[in-house]
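In case you want the letters, here they are:
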Amino acid sequence: MIAEIEILKLFVLVMIRFSGLILTAPILSSNNFPIMGKIGLIGMAAYVVTPTLPALNYPLPAEALPFAVMGAGELLIGMIIGLLMQLVFAAIQIAGQVMDMQSGFGLINVFNPALETQVPLFGFIFFILTVLYLLAVSGHHLIILALVSSFQRVPVGGFAPLLRLVFVVVFRFVCKNFSGTKPGLRQKHFFNSFQGAH
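Remember, predicted model here, so these are calculated numbers, not experimental data.

A. Layout of the confidence of the model for the protein. Predicted confidence across the protein gives a mean pLDDT of 79, with 83% of residues reaching 70 or more. In the model of the protein, helix H7 (residues 185-195) stands out as the element of lowest mean pLDDT, 53, in contrast to helix H2 (residues 35-49), which has the highest, 91.

B. Geometry of H2. With 15 residues, H2 should reach 21 Å at 1.5 Å per residue; the first-to-last C-alpha distance of 21 Å fits that figure. Where H2 is concerned, the buried positions are Lys38, Leu41, Ile42, Gly43, Ala45, Ala46 and Val49.

C. View of the pattern of salt bridges. In the structure shown here, the tally under the stated rule is 2 salt bridges. A salt bridge links glutamate 6 to lysine 9, with the nearest nitrogen and oxygen atoms 3.0 Å apart. In this pair, glutamate 6 and lysine 9 both sit in helix H1 (residues 2-24), 3 residues apart, roughly one turn of the helix. For glutamate 6, a relative accessible area of 25% translates into the label partly exposed.

D. Summary view of the packing of helix H3 (residues 64-103) against helix H4 (residues 121-136). Interaxial distance between H3 and H4 falls to 7 Å at its minimum, and their mutual angle equals 145 degrees. Seen along the crossing, H3 lies across H4 with a hand that is right-handed. Seen from H3, the contacting residues are Met85, Phe89, Ile92, Gln93, Ala95, Gly96, Gln97, Met99, Asp100 and Ser103; seen from H4, they are Leu121, Phe122, Gly123, Phe126, Phe127, Thr130, Val131 and Leu134. For the contact of H3 with H4, the residue count by class is 11 nonpolar, 6 polar and 1 charged.

E. Inspection of the packing of H3 against helix H5 (residues 139-153) at higher detail. At a minimum axis distance of 11 Å, the contact between H3 and H5 shows a crossing angle of 145 degrees. The two elements H3 and H5 meet at a crossing, and its hand is right-handed. In contact with Glu74, Ile77, Gly78, Ile81 and Met85 of H3, H5 contributes Ile143, Ala146, Leu147, Ser150 and Phe151. Broken down by class, the residue content of the contact of H3 with H5 amounts to 7 nonpolar, 2 polar and 1 charged.

Here is what the cut-offs are and how they apply
- Residues numbered from 1 in each chain as written.
- Predicted model: local features only at pLDDT ≥ 70, side-chain atom pairs only at ≥ 80, totals over all residues.
- Heavy atoms only, no water.
- pLDDT = per-residue confidence, 0-100.
- Helix = DSSP H or I, 4+ residues; strand = E, 2+ residues; numbered from the N terminus.
- Expected span 1.5 Å × (residues − 1).
- Buried < 20%, exposed > 50% of the residue type's maximum accessible area, 1.4 Å probe, protein only.
- Salt bridge = Lys/Arg side-chain N within 4 Å of Asp/Glu carboxyl O.
- Axes fitted to C-alpha atoms, helices over the stretch in contact; angles between N-to-C directions.
- Left-handed = near helix turned anticlockwise from the far one by under 90°.
- Contact = heavy atoms within 4.5 Å.
- Nonpolar A, V, L, I, M, F, W, Y, C, P; charged D, E, K, R; others polar.

Listed below in structure tokens is the structure:
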């Protein structure tokens, strides 16, 4: 029974990391991609990847707060990978905007349904060409493979200690600078329970 609970917790954390990627990655985060399709892709990918992960050297937390912190770390890992790809698309759109300014089309904007914003003419053309190129070379598969390989570099829960450290530093800064006093008894209890999370 305990092993099944640990596998379920691991499955949920893997799903959260995939959710971060789907939230931010180009093409996969588009509103043109149906929500049920996104949920199915997240669930299927987590179902396939979870059995391939090596056994963890530490138990996953059973309490809600440490588990939520670990989930936030997994979400951030997925979002970072997706945002790196978004930066490439943003750079291509900025290049198109510079071309628009140079060629006199600076005032002409078209609606980009994938991003739901007004974009420059050449920026839109470059965006479409980049999406077509990404699909032609199976780039969307490579984005998912990059996330799968991230489990080897940063195992499940590996980002949580850094997240806890950031929380501790921010918490102490806020208590010191904005409350005018040292952390109270209730704050110390919350801080200690959070710091003891693994």
